[in-house]
Amino acid sequence: MKKVIVSFIIVVSLLSVGSYYFYQIYFTDFIAQAFVSNSLPGVVPKRIQTRMKAISVPLNKGTEALIQKMHASDISIDHILSVVDNTTEEQAYELLDELNSTKLKNTNDVFDVTKKHIDADFNLEIFRKPFQEHFKMTQVRKVLYLANQNRKTHDVDFVAAKEIIKKILLEKEKEYTKRRIVNGE
Amino acid sequence: MLAANEPIIFIDDDVDDHFIFEEICKNLNLSNHYKFFHNGDAVLQYLRTTTDRPFIIFCDINMPQMNGLQLRKAINEDETLREKSIPFVFFSTAPSNQQIRQAYGLTVQGFFLKEQSFEETKNTFKLILEYWQKCKHPNSIK
């Protein structure tokens, strides 16, 4: 009997580790790749697919603009990644709460609120212009809706969401470097 | 409850707004009761040829080619469409005072703002639908 219990515990532990590995590494890789390549994998639940489709364009355009501006301002990708790493779930929800409760007139207001909740060791102001150029208020409304929904459903948890964002940033950085090499810059 | 041939018509060139309205319809269990159009020309063609009896039209103001005000004017000027008396409501993000005045000059049934919050937009939308479901209309007269 003892042997059965021990075997059961081992199997459950292995499954848990496997699930964790699948979710935190494979799943986040998979989703990040899907975003970057603009292709929706059929194995992802439809509910998540719909949300991915809804934010794919602004997310791709936004991260591309961010990487370009980052290079133009001599900020390294590590700086950006550390901002993502250092953002806590509490900070993210405080930001979401303030965005929800503020009458946002334009993307400039959105940037002001967002900046207040992000800690960075460089001047975030450099991203104001690209943010205003690449985001419309209709997209902000949509992203806010999706973030509020995810807060309720926890389809993608905060740690996984951060991993996905970091992987997208790294992919866009790779694309940017590749383009520069091709163009002989 | 709306019949299958009484679609809610949305006219908006912004795909992000289509997404929001689609989510609102899903939330209100109206998944099979709406049709989206990206511009005024496409909806005019539909209205002139369909056998559907559209329940209501939600229209954005600022659109390329034919804008919302021009569409409303075209409907008013078409005798058949005017007789159908389809409630016509504007939904806009940041309308000017002049646009609001112009809209009411074209006898629209309402002018609403696209709210920042999904819940607020959904509630406004629900309120309008409930109002028109209660309201007597040429289509509801037997």
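Definitions and cut-offs
- Residues numbered from 1 in each chain as written.
- Chains lettered and ligands numbered in written order.
- Predicted model: local features only at pLDDT ≥ 70, side-chain atom pairs only at ≥ 80, totals over all residues.
- Helix = DSSP H or I, 4+ residues; strand = E, 2+ residues; numbered from the N terminus.
- Buried ≥ 20, exposed ≤ 12 C-beta atoms within 10 Å, placed from the backbone.
- Contact = placed C-beta atoms within 7 Å.
- Rg over C-alpha atoms; globule rule 2.2 N^0.38 Å.
- Axes fitted to C-alpha atoms, helices over the stretch in contact; angles between N-to-C directions.
- Parallel < 35°, antiparallel > 145°, perpendicular 65-115°, else oblique.
- Left-handed = near helix turned anticlockwise from the far one by under 90°.
- Nonpolar A, V, L, I, M, F, W, Y, C, P; charged D, E, K, R; others polar.
- Core = buried A, V, L, I, M, F, W, Y, C linked by C-beta atoms within 7 Å.
- Pairing = 2+ DSSP bridges.
- Expected span 1.5 Å × (residues − 1).
- Bend = angle between axes of the 7 residues up to and from the residue.

(A) Here's a closer look at the overall build of chain A. The secondary structure content of chain A amounts to 8 helices and 0 strands. Listing the helices and strands of chain A from first to last along the sequence gives α-α-α-α-α-α-α-α. With respect to the principal axes defined by its C-alpha atoms, chain A has extents near 65 × 45 × 35 Å. For chain A, the proportion of its 185 residues judged to be buried stands at 15%. Counted over contacts in chain A with a minimum sequence separation of 6, partners at least 24 positions apart contribute 75%.

(B) Representation of the overall build of chain B within the structure. Scanning chain B for helices and strands turns up 6 helices and 5 strands. Traced from its N-terminal end to its C-terminal end, chain B shows the element sequence β-α-β-α-β-α-α-β-α-β-α. Its C-alpha atoms give chain B a radius of gyration of 14 Å, near enough to 14 Å, the size a compact globule of 142 residues would have. Reported as C-alpha extents along the three principal axes, the dimensions of chain B are approximately 40 × 35 × 25 Å. In chain B, which comprises 142 residues, the share counted as buried stands at 30%. Considering only contacts in chain B between residues 6 or more positions apart, those separated by 24 or more positions represent 68%.

(C) Expanded view of the packing of helix H3 (residues 77-86) of chain A against helix H8 (residues 158-182) of chain A. All names here are of chain A. It is at 10 Å that the axes of H3 and H8 come closest, and there the two elements cross at 170 degrees. Considering the angle they form, H3 stands roughly antiparallel to H8. Here the hand of the crossing between H3 and H8 comes out right-handed. Packed against H3, whose contacting residues are Ile 77, Ile 80, Leu 81 and Val 84, the element H8 presents Lys 162, Ile 165, Lys 166, Leu 169 and Glu 173 at the interface. Residue composition of the contact of H3 with H8, by class: 6 nonpolar, no polar and 3 charged.

(D) Broad picture of the nonpolar core. Within the largest apolar cluster, 30 residues are counted, with the highest numbers of intra-cluster contacts made by Ile 9, Phe 10, Ile 11, Ile 57, Phe 58 and Cys 59 of chain B. Those elements that place two or more of their residues in this core are strand E1 (8-11), helix H1 (15-27), helix H2 (40-49), strand E3 (56-59), helix H3 (68-77), strand E4 (88-92) and helix H6 (118-134) of chain B. Phe 58 of chain B has contacts with Ile 8, Ile 9, Phe 10, Val 89 and Phe 91 of chain B, leaving out every residue within four places of it along the chain. Within the second largest apolar cluster, 6 residues are counted, among which are Ile 31, Phe 35, Val 36 and Met 52 of chain A.

(E) Spatial organisation of the sheet that holds strand E5 (residues 111-113) of chain B. Residues and elements named next belong to chain B. Read across the sheet, 5 strands follow the order E2-E1-E3-E4-E5 without closing on themselves; strand pairing throughout is parallel. Each of the sheet's edge strands pairs with one partner strand only, and the pair in question is strand E2 (34-37) and E5. Averaged over neighbouring strand pairs, the angle between their axes works out to 20 degrees when direction is ignored. Pairing analysis gives 3 bridges linking E4 to E5, with the strands arranged parallel. Bridge assignment links Ser 92 to a residue of E5, and that residue is Leu 113. Sitting on the sheet, H3 is in contact with E1, E3 and E4, with an inclination near 175 degrees to E4.

(F) Structural detail: the pairing of E2 of chain B. Note that E1 of chain B and E2 of chain B share 4 bridges and pair parallel. Within E2 of chain B, the residue paired with Ile 9 of chain B across the bridge is Lys 35 of chain B.

(G) Main features of the interface of chain A and chain B. Contacts between chain A and chain B engage 11 residues on the former and 10 residues on the latter. The greatest single-element share of the side of chain A that touches chain B, amounting to 7 residues, is contributed by helix H7 (residues 137-153) of chain A. Its residues placed into classes, the side of chain A that touches chain B shows 4 nonpolar, 4 polar and 3 charged.

(H) Here's a closer look at the environment of Phe 55 of chain B. Summarising the element assignment, Phe 55 of chain B is placed in the loop between H2 and E3. Expressed as a C-alpha distance, the spacing of Phe 55 of chain B and Glu 6 of chain B, which sit 49 residues apart in the sequence, is 5.0 Å.

(I) Structural detail: unusual backbone geometry. Residue and element names in this part refer to chain B. For Gln 65, which is not glycine, the phi torsion reads 60 degrees and is therefore positive. With respect to the element layout, Gln 65 can be found in the loop between E3 and H3. Despite not being glycine, Ser 85 has its phi angle at roughly 50 degrees, a positive value. With respect to the helices and strands, the residue Ser 85 is situated in the loop between helix H4 (79-84) and E4. Judged by the 11 C-beta atoms lying within 10 Å of it, Ser 85 is exposed.

(J) Quick peek at helix H2 (residues 46-72) of chain A. Residue and element names in this part refer to chain A. Between its first and last C-alpha, H2 extends 38 Å over 27 residues, near the 39 Å set by a 1.5 Å rise per residue. Along H2, the largest kink reaches about 45 degrees and is centred on Ser 56; proline Pro 58 follows within four residues of it. Buried residues of H2: Arg 51, Met 52, Ala 54, Gly 62, Thr 63, Leu 66, Ile 67 and Met 70, and no others. Just past H2, the residue Asp 74 takes up positive phi, approximately 55 degrees.

(K) Layout of the packing of H7 of chain A against H1 of chain B. Packing of H7 of chain A against H1 of chain B brings their axes to within 8 Å, and their N-to-C directions diverge by 35 degrees. Considering only the axes of H7 of chain A and H1 of chain B, their crossing is left-handed. Residues Thr 138, Gln 139, Arg 141, Lys 142 and Tyr 145 of chain A of H7 of chain A pack against Asp 16, Asp 17, Phe 19, Ile 20 and Glu 23 of chain B of H1 of chain B.

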